[in-house]
Protein chains: 2
Amino acid sequence: MIMSRIEAPSDDVTGNLLDRLLTGLPAEAVHTDPDVTASYAHDMASFCPAGAPAVVVLPRTVEQVQHVMRVATELRVPVVPQGARTGLSGGANASDGCIVLSLTRMDRILDISPVDRVAVVEPGVVNAALSRAVGEHGLYYPPDPSSWETCTIGGNIGTASGGLCCVKYGVTAEYVLGLDVVLADGRLMSTGRRTAKGVAGYDLTRLFVGSEGSLGIVVRAVLALRPQPPRQLVLAAEFASAGAACDAVCRVMAGGHTPSLLELMDRTTVRAVNELTRMGLPEATEALLLCAFDTPDPAADLAAVGALCGAAGAPQVVPAEDTAESELLLQARRSSLVALEAVTGTTMIDDVCVPRSRLGDMLEGVERIAGKYGLTIGVVAHAGDGNTHPTVCFDAQDPGEARRARESFDEIMALGLELGGTITGEHGVGVLKKEWLARELGPVGLEMQRAVKDVFDPLGILNPGKLF
Amino acid sequence: MIMSRIEAPSDDVTGNLLDRLLTGLPAEAVHTDPDVTASYAHDMASFCPAGAPAVVVLPRTVEQVQHVMRVATELRVPVVPQGARTGLSGGANASDGCIVLSLTRMDRILDISPVDRVAVVEPGVVNAALSRAVGEHGLYYPPDPSSWETCTIGGNIGTASGGLCCVKYGVTAEYVLGLDVVLADGRLMSTGRRTAKGVAGYDLTRLFVGSEGSLGIVVRAVLALRPQPPRQLVLAAEFASAGAACDAVCRVMAGGHTPSLLELMDRTTVRAVNELTRMGLPEATEALLLCAFDTPDPAADLAAVGALCGAAGAPQVVPAEDTAESELLLQARRSSLVALEAVTGTTMIDDVCVPRSRLGDMLEGVERIAGKYGLTIGVVAHAGDGNTHPTVCFDAQDPGEARRARESFDEIMALGLELGGTITGEHGVGVLKKEWLARELGPVGLEMQRAVKDVFDPLGILNPGKLF
């Protein structure tokens, strides 16, 4: 959709905006065709309002991003930065009349250094592309959100994404060493470092990670890498109750183990996955735990974990024979959300993280909430992190059910806070949870966060209506 | 030194300050005896100006800290927070007429949870006390600055301390999950979480780590713990040049190894340590590399690293026989700075971190600088991190030599920046490096950092004159 095919802008304001944008961007980078702009209106979250962008721009250079921000500042036009729009909180949703700033064409891997164990990338690099590229150097970029085949590093940074690896390797934030950021007024700021350590001034790098495009536009990132670990071996343990599975999780973590993955699927999820994939997971089980190690002797580590699962009451503990069988089990886990979506057509995926000692209480509470609202709520969890994804399944065509879905979703967040947890472990706040962010932060925290926002975005043009 | 022994305040301002402080603090927590206050005037950095505090307060509760900050805000009195004053950048140095706010009496460990793998502590807890306490639960708090036997967690958080462990386990910042902070106006703010993951709002926790008390007073911290690893086994490798040792470091890190420690001592340091301790380190060597593993099979890992050292030209590679011999080698390393201080009486310890691929260039440059200024500069380095501590030895009584020491110290920082590094890997900016922080950040970065400071400290009463 290049400029020549663009319809006439609807009014003078948009016309002026386009004229100004085109002084520093090639025509092929500026899109106003409503069919095109509509396709950039929202990410993958349910129940989040999205407006109609005035224009979608797809810059290829830092200078072009600077130009866009200078124009936006000059004309006071909101800017919504986007990666692959795989987010689950509406953080990339357009607002009416905004500039959608898609970073997907800035997709170059600029450097990979095995000695320094860093990669330098543009924001549009796809997570899987980076993973594969560094893998060729024997290196490993751990963060692996379930959308890793399509999501971008810029999006991962914006939402501080997690994944299955976090129980051992942590979240995106821990891999971002330095950033180049285009500020609201178009100036370029470098934060952080390329070195392994560095404490010169405030950690603005980390401030930008998870800021959902509300403080500036990340145009380059220095990422930390690790040596590639051995391939992981997975064990599956069945439990007669979710509580027993959570007890096993606590035993494993308190026992000094460091699994590379420790995931839980409840009965609803197991059945949904079987329904979708015919994988033949154990239907009768109330909770399935998957545990993996990528250590030098994973079989020995799995045996120790298997014994702990047994002590917690697991009737059945099955270690995978090899990495191929392990991969099948992981596929089952990875298909969970799609499988749950197939149950009733629509899902709302929550992302509440609790101290892992409270995981059992959390699951028990979610079951109670599902009963109260008469809804199916499947739970998959990064159990080793205490990070649950209670997934409310509902028929979006039924207004009553949709309302109950939203109410149960909120009640799950309230439960998470009550248990000492957070409303979001890895998906971010976006539009979906902004009222809840205020509850989690409290008035003082909220005031200081808003004040930080004002420092970087005095005109309020950066992704307005998100977070706060 | 309790209030009954305090001399009359020198003027009305101080009198009023004391009166106000004593409305919310017990007399025994408020010290104005000049001998006492003078002993709180500065940390362990050389060449940093320090003023005379008006008063030293030693609160025991969060409420008392809040009271101090309310009074400070009301009367516009600067507050200098302090831990054990083991810092090396003057970040805890008093300014004239300030309130020194020592957190050393808030030294309770409030919680240790093996399941959640967290500890909750007050800021005055000594690093070693925490390490030992969590060790009793089979847990490990990695950050180990060389002052770990005396320095406090609050000080570690303020300066974002590192240590020997960082090459595998990272720095203090990576272990701080959440904070309670008393703001400049006395309000209490909680940041972060107790959970393994969490992305609700901006990461203010990380903003406070390394902020040197310039944004607020940390009164409680939730710290991440790890399972206690096996005891590490150390190898010593001699090299005929510092360049060859740096080459070995690059081979080890590019080779996918994850040592628990990878340290370098140059010839000057080795000789100084022998002089002080009679340890009998190899005097003829130009550089000594210490490498350790805390893996299940450290001997095998050390053998692989030994081979890489050999390939880099090491004439002598000696693995320790056991953990006792390993501990001796680490003692040699840990005594380096004291040993260098003994050479000429005074040292300035630099803290430049470069990408590890530039470590050889850094060491070569430091040798050139030492020659240029006719000074002894010993280098110890957390080589695996590229974090060097070039230590300028000089006679402080000789003004010319002292001037040359400062000039060489600055030239080392300039070299670090030129090599793509940072002026501080783990010691912080304090008073010592504030001109250099401006150089490293550049005008835009500096402006934004100052603006963040203004959000949290609009009156400029929090540790003024530090960082900026």
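Conventions used here
- Residues numbered from 1 in each chain as written.
- Chains lettered and ligands numbered in written order.
- Predicted model: local features only at pLDDT ≥ 70, side-chain atom pairs only at ≥ 80, totals over all residues.
- Heavy atoms only, no water.
- Least-squares fit on C-alpha atoms with pLDDT ≥ 70 in both.
- Contact = heavy atoms within 4.5 Å.
- Salt bridge = Lys/Arg side-chain N within 4 Å of Asp/Glu carboxyl O.
- Helix = DSSP H or I, 4+ residues; strand = E, 2+ residues; numbered from the N terminus.
- Buried < 20%, exposed > 50% of the residue type's maximum accessible area, 1.4 Å probe, protein only.
- Pairing = 2+ DSSP bridges.
- Expected span 1.5 Å × (residues − 1).
- Domains from an automatic or database assignment.
- UniProt positions renumbered as here; feature names shortened; annotations may be inferred.
- Buried area = accessible area lost by both parts, 1.4 Å probe.
- Core = buried A, V, L, I, M, F, W, Y, C linked by side-chain atoms within 4.5 Å.
- Axes fitted to C-alpha atoms, helices over the stretch in contact; angles between N-to-C directions.
- Parallel < 35°, antiparallel > 145°, perpendicular 65-115°, else oblique.
- Left-handed = near helix turned anticlockwise from the far one by under 90°.
- Nonpolar A, V, L, I, M, F, W, Y, C, P; charged D, E, K, R; others polar.

All right, on to the relation of the copies chain A and chain B then. With an RMSD of 0.0 Å, the fit of chain A onto chain B corresponds to turning through 180 degrees and sliding 0.0 Å along the axis. As the rotation angle and translation indicate, the two copies are arranged about a two-fold axis. Comparing interface residues between copies, 100% of those in chain A also lie at the interface in chain B; the contact surface is shared.

Let us look at the pattern of salt bridges. Residues and elements named next belong to chain A. Under the defined criterion, the tally for this structure stands at 52 salt bridges over all chains. With its nearest N and O atoms 3.1 Å apart, the salt bridge here joins Glu149 to Arg132. Taken together, the positions of Glu149 in the loop between β7 (139-140) and α5 (153-159) and Arg132 in helix α4 (residues 127-135) put the pair 17 residues apart, joining distant regions of the chain. Taking relative accessible area as the criterion, Glu149 reaches 43% and is therefore assigned partly exposed.

Attention now moves to the environment of Tyr373 of chain B. Residue and element names in this part refer to chain B. Checked against the element boundaries, Tyr373 lands in helix α13 (residues 359-373). A residue is classified by how much of its surface remains accessible, and Tyr373, at 12% relative accessible area, is buried. Leaving out residues up to four positions away in the same chain, Tyr373 has contacts with Arg404, Glu407, Ser408 and Glu411.

Here we take up the sheet that holds strand β2 (residues 55-57) of chain A. Picture the strands of a sheet paired through backbone hydrogen bonds; they go either parallel or antiparallel. Residues and elements named next belong to chain A. One open sheet accounts for 4 strands, arranged β1-β2-β4-β3; its pairing is mixed. Bordering the open sheet on either side are β1 (30-31) and β3 (79-82), each of which pairs with just one other strand. Of the pairings in the sheet, the one linking β2 to strand β4 (residues 99-102) comprises 3 bridges and is parallel in character. Counted as the bridge partner of Val56 is Val100 from β4.

Okay, helix α3 (residues 62-75) of chain A next. Residues and elements named next belong to chain A. With 14 residues, α3 ought to run about 20 Å at 1.5 Å a step, and its terminal C-alpha atoms sit 20 Å apart, in line with that. Burial of α3 is extensive: 10 of the 14 residues sit out of reach of the surface. Of all the residues in α3, the buried ones are Val62, Gln64, Val65, Gln66, His67, Val68, Met69, Val71, Ala72 and Thr73. Positioned one or two residues after α3, Arg76 has a phi angle of 60 degrees, which is positive.

Here the focus is the domain arrangement of chain A. Quoted interface sizes are often the accessible area lost when the parts come together. Under the domain assignment, chain A is made up of domain 1 (3-102), domain 2 (109-227) and domain 3 (233-418). Taking the mean C-alpha position of each, domain 1 of chain A and domain 3 of chain A sit 39 Å from one another.

What follows covers the pairing of strand β10 (residues 217-224) of chain B. Look at any regular strand and the pattern is simple: side chains alternate between the two faces of the sheet. Residue and element names in this part refer to chain B. Counting buried positions over the 8 residues of β10 gives 7, a clear majority of the element. Here strand β6 (residues 118-121) pairs with β10 via 4 bridges, running antiparallel. Bridging across to β10, Val120 finds its partner in Val222. Note: strand β8 (residues 176-182) against β10, 6 bridges, orientation antiparallel.

Here the focus is the environment of Met362 of chain A. Residues and elements named next belong to chain A. Tracing the backbone through its elements, the reader meets Met362 in helix α13 (residues 359-373). As a C-alpha pair, Met362 and Gly416 span 54 residues in sequence and 6.9 Å in three-dimensional space. Once you skip the residues sitting within four places of it in the chain, Met362 turns out to touch Val352, Val354, Thr388, Ile412, Leu415, Gly416 and Leu419.

So, on to the UniProt feature "domain: FAD-binding PCMH-type" (unreviewed entry) in chain A. The sites that UniProt annotates as "domain: FAD-binding PCMH-type" (unreviewed entry) are residues 49-228 of chain A. Overall, residues 49-228 of chain A shows 22% helix and 24% strand. The separation of its end C-alpha atoms is 41 Å.

In this section: the interface of chain A and chain B. Taken together, the contact pairs 71 residues of chain A with 71 residues of chain B. When chain A packs against chain B, the two sides together hide about 5,700 Å² of surface, and 62% of this comes from carbon and sulfur. A per-residue breakdown of the area chain A buries against chain B is headed by Lys197, Val199 and Tyr202 of chain A, which together make up 17% of the total. One can count 8 salt bridges joining chain A with chain B. Between Asp385 of chain B and Lys197 of chain A there is a salt bridge; the shortest N-O distance is 3.6 Å.

Residue and element names in this part refer to chain A. Of note, the phi angle at Arg278 is positive, near 55 degrees, even though the residue is not glycine. Mapped onto the elements, Arg278 comes out in the loop between α9 (267-277) and β14 (287-293). We classify Arg278 as exposed; its relative accessible area is 65%.

Among the nonpolar cores identified, the biggest contains 210 residues, and Phe239, Leu289 and Phe456 of chain A together with Phe239, Leu289 and Phe456 of chain B are the most heavily contacted of them. Among residues more than four places away in sequence, those in contact with Phe239 of chain A are Ala244, Ala245, Ala248, Thr285, Glu286, Ala287, Leu289, Cys309, Ala312, Gly313, Ala314 and Pro315 of chain A. Counting 27 residues, the second-largest nonpolar core is a separate cluster that includes Val57, Val68, Val77 and Val182 of chain A.

We now examine the packing of helix α1 (residues 12-22) of chain B against helix α3 (residues 62-75) of chain B. Residue and element names in this part refer to chain B. At a minimum axis distance of 9 Å, the contact between α1 and α3 shows a crossing angle of 150 degrees. Here α1 lies roughly antiparallel to α3, going by the angle between them. As α1 runs across α3, the sense of the crossing is right-handed. Residues Asn16, Leu17, Arg20 and Leu21 of α1 form the contact with α3, whose own contacting residues are His67, Val68, Val71, Glu74 and Leu75. When the residues that make up the contact of α1 with α3 are grouped by side-chain class, the tally is 5 nonpolar, 2 polar and 2 charged.

All right, on to the packing of helix α8 (residues 242-254) of chain A against α13 of chain A then. Residues and elements named next belong to chain A. One can describe the packing of α8 onto α13 by two numbers: an axis separation of 8 Å at closest approach and a directional angle of 160 degrees. Considering the angle they form, α8 stands roughly antiparallel to α13. At the point where α8 passes α13, the crossing takes the right-handed sense. Residues Ala242, Cys246 and Val249 of α8 pack against Leu359, Gly360 and Leu363 of α13. Class assignment for the residues of the contact of α8 with α13 results in 5 nonpolar, 1 polar and no charged.

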